[in-house]
Amino acid sequence: EDQVTQSPEALRLQEGESSSLNCSYTVSGLRGLFWYRQDPGKGPEFLFTLYSAGEEKEKERLKATLTKKESFLHITAPKPEDSATYLCAVQAAFFTLWGTYKYIFGTGTRLKVLA
Amino acid sequence: DGGITQSPKYLFRKEGQNVTLSCEQNLNHDAMYWYRQDPGQGLRLIYYSQIVNDFQKGDIAEGYSVSREKKESFPLTVTSAQKNPTAFYLCASTEQGVDTIYFGEGSWLTVV
């Protein structure tokens, strides 16, 4: 069964304390892996897309990496404004009349950065 | 600015009532989706549409209905048959040939 698991469920960091969030997945026919940031009561905001093992993407204090079984979102020297829920999703191929690709989402990691 | 607009932000449903959530996008995306988000659960797919006048059931379609009469619009109706409708609903879209899925700001539905 296609599945995405994120850990930890919640993380509290002091400002400047670097850490990593994990997204492990089992999926047949992985097309891509996505990271989103979601603030309370708002829709997910796109951060990164990763397609192949070894690929890395960076944006400000965030860096996403991908292996064949998991992805990490590294947060370097976080600030309080980085507090949010970070969602991971994978895109899997499944066959329909339209060749639709299915997205499977993890439950997220709630990050709190303390000043 | 291009984006996905959901309305209303907050909606209250009485028992036995149908309610409709609006989703409009000006990104010229072909595919549109409705997801439901509950605490502690990943996003679950309700319905999706790849082209106008066609849509497919997702994993939790029971008690919901949709239409796709225009490329830019994909409204979701939560019917009285949906027994546990209180949730955060997200509309999303993708461009053909591009994998990234983009989301609207979401709508809260509460049963009163």
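The rules behind each value
- Residues numbered from 1 in each chain as written.
- Chains lettered and ligands numbered in written order.
- Predicted model: local features only at pLDDT ≥ 70, side-chain atom pairs only at ≥ 80, totals over all residues.
- Heavy atoms only, no water.
- Disulfide = S-S within 2.5 Å.
- Helix = DSSP H or I, 4+ residues; strand = E, 2+ residues; numbered from the N terminus.
- Buried < 20%, exposed > 50% of the residue type's maximum accessible area, 1.4 Å probe, protein only.
- Contact = heavy atoms within 4.5 Å.
- Pairing = 2+ DSSP bridges.
- Axes fitted to C-alpha atoms, helices over the stretch in contact; angles between N-to-C directions.

1. Section: the state of the cysteines
All names here are of chain A.
Phase 1: Per the counting criterion, the structure on display carries two disulfides over all chains.
Phase 2: Linked covalently through their sulfurs, C23 and C88 form a disulfide whose S-S length is 1.9 Å. Residues C23 and C88 share a disulfide whose torsion about the S-S bond is about -60°; that sign makes it left-handed. Within this pair, whereas C23 is found in strand 3 (residues 19-26), its partner C88 is found in strand 9 (residues 84-93), the two being separated by 65 residues in sequence.
Phase 3: Overall, C23 belongs to the buried group, its relative accessible area being 0%.
Phase 4: On the basis of relative accessible area, C88 is assigned to the buried category, the value being 0%.

2. Digging into the side chain of A:S71
Phase 1: Summarising the element assignment, A:S71 is placed in strand 8 (residues 70-75).
Phase 2: Discounting chain neighbours no more than four positions away, the residues touching A:S71 are A:L21, A:N22, A:C23, A:L33, A:W35, A:L50, A:T65 and A:L66.

3. Considerations on the sheet that holds strand 7 (residues 62-66) of chain A
Residue and element names in this part refer to chain A.
Phase 1: If you trace the five strands from one edge of the open sheet to the other, you get 1-3-8-7-6, paired in antiparallel fashion. Two strands in the sheet have a free side with no partner beyond their single neighbour: strand 1 (3-7) and strand 6 (56-59). For this sheet, the mean angle separating the axes of adjacent strands, direction not counted, is 15°.
Phase 2: Judged from the six bridges that link them, strand 3 and strand 8 form a sheet pairing that is antiparallel. Bridge pairing links L21 to L73 in strand 8.

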